[in-house]
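# Chain and residue survey
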Amino acid sequence: MPGLILPTLTKAEVESHNTEKSCYVTIGTNVYDITDFLDSHPGGPELILEYAGKDVTAILKDEDSHAHSDSAYEILEESHVAFLVTEKLKPNGQVQKKIADSQINEQVSPVVHPRTGMSCEEDLNKETDFTQDYKKHKFLDLNKPLLMQVWFGGFSKEFYLDQVHRPRHYKGGASAPLFGNFLEPLSLTPWWMVPLIWLPAIAYGTYLASEGFESKLSLALFWGFGVFLWTLIEYILHRCLFHLDKYLPDNRVGITLHFLLHGVHHYLPMDKYRLVMPPTLFVVLATPFWKLAHTLFYWDWYLGTAIYCGGIFGYVCYDLTHYFLHHQNLPLWYKGLKKYHLAHHFLDYELGFGVTSRFWDRIFGTELPTLVKTS
């Protein structure tokens, strides 16, 4: 069964689709794009255009006008493109609290959130029907390598951001093709590579830093400060770099870079091999912080190294936590954190930027309420 990934439209937006070039109709809270069916309608397009942008429940049931067969409803089902809401919901905590009973509003199906088209964290694991998904959304075909589709897609920023934040699920958590060539392995990173590569480097760096400290307690305090500092860096990177959506250049270069950096994770959030950061990308991001640490603490190389190593350890904890939140059954405390992070994916991607903790979300007012039912 494909995941629920349909967008939402207001009544005014549906009513604006009332021409031969774009003809929408509704049945209850379901919105159908029947533009392609106009010329095929037995009674001619004029009969349909009379109801363009309107609800057709009554006319479909009106036998005096024309009795519609089951095939008519089957055609409509294939043209289902959205759900109807009374108003667009803004991405903020107050709005999310209004839907704490898992409903968007009185006019919409009680299982669909307008930001992502999903109802609960379980929907993240519902298999996407590749063919139907591409037919309905005209975004990415999961049967083909994704990167070049993003590059040549000609998507507007608004359309891209709407679609990339509506999660899909690929073959039970397998990795969809990104490059489709010899570069593919470079985009896939098993979780265990993170501690395998970076913990020895952290240990060696900490050893070098210790040579400049007379007290091991002082070393531990500055190293711990580096871990704490990472939690802030984690928040800033996630909010201001990975989700710089409003400031994303509206061109294919900006959109493609966004997709590679973080968009692919929101598009396929349960991909087991694109959850932790590839070592090459981490080196690129970590190098400026090495220089920054030794610029800020220029008077003591050992001090800067101790803080930096603590920060890198914080990163390792972050990446492992991120993976386990998506793919492991966790102890009680982590279950709350898991629910919080997965809500960032299925409920509102513009809130809930903390992964290892919601501390900085509380400080900066971006905490995501997790009152929504998840079953």
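As a reminder, the structure under discussion sits directly above these lines.
Under the counting rule described, the total for this entry stands at 6 salt bridges. Close ionic contact of Asp 162 with Arg 166 constitutes a salt bridge, the shortest N to O distance being 3.1 Å. Across the salt bridge formed by Arg 362 and Glu 367, the nearest N and O atoms sit 3.2 Å from each other. Residues joined by salt bridges that share partners form a network here, namely Glu 184, Asp 271 and Arg 274.

Strand order in the open sheet formed by 4 strands is β1-β4-β3-β2, with mixed pairing between adjacent strands. The sheet terminates laterally at β1 (8–10) and β2 (24–27), the two strands that pair on one side only. Each neighbouring strand pair of the sheet contributes to a mean axis angle of 40°, computed without reference to strand direction. Pairing of strand β3 (residues 30–33) with strand β4 (residues 80–85), which is carried by 3 bridges, proceeds in the antiparallel orientation. By the bridge assignment, Tyr 32 is partnered in β4 with His 80.

On to unusual backbone geometry, then. One non-glycine residue, Lys 138, lies in the positive phi region at around 50°. Within the secondary structure, Lys 138 sits in the loop between α6 (130–137) and α7 (146–152).

Cut-offs applied
Residues numbered from 1 in each chain as written. Predicted model: local features only at pLDDT ≥ 70, side-chain atom pairs only at ≥ 80, totals over all residues. Heavy atoms only, no water. Salt bridge = Lys/Arg side-chain N within 4 Å of Asp/Glu carboxyl O. Pairing = 2+ DSSP bridges. Helix = DSSP H or I, 4+ residues; strand = E, 2+ residues; numbered from the N terminus. Axes fitted to C-alpha atoms, helices over the stretch in contact; angles between N-to-C directions.

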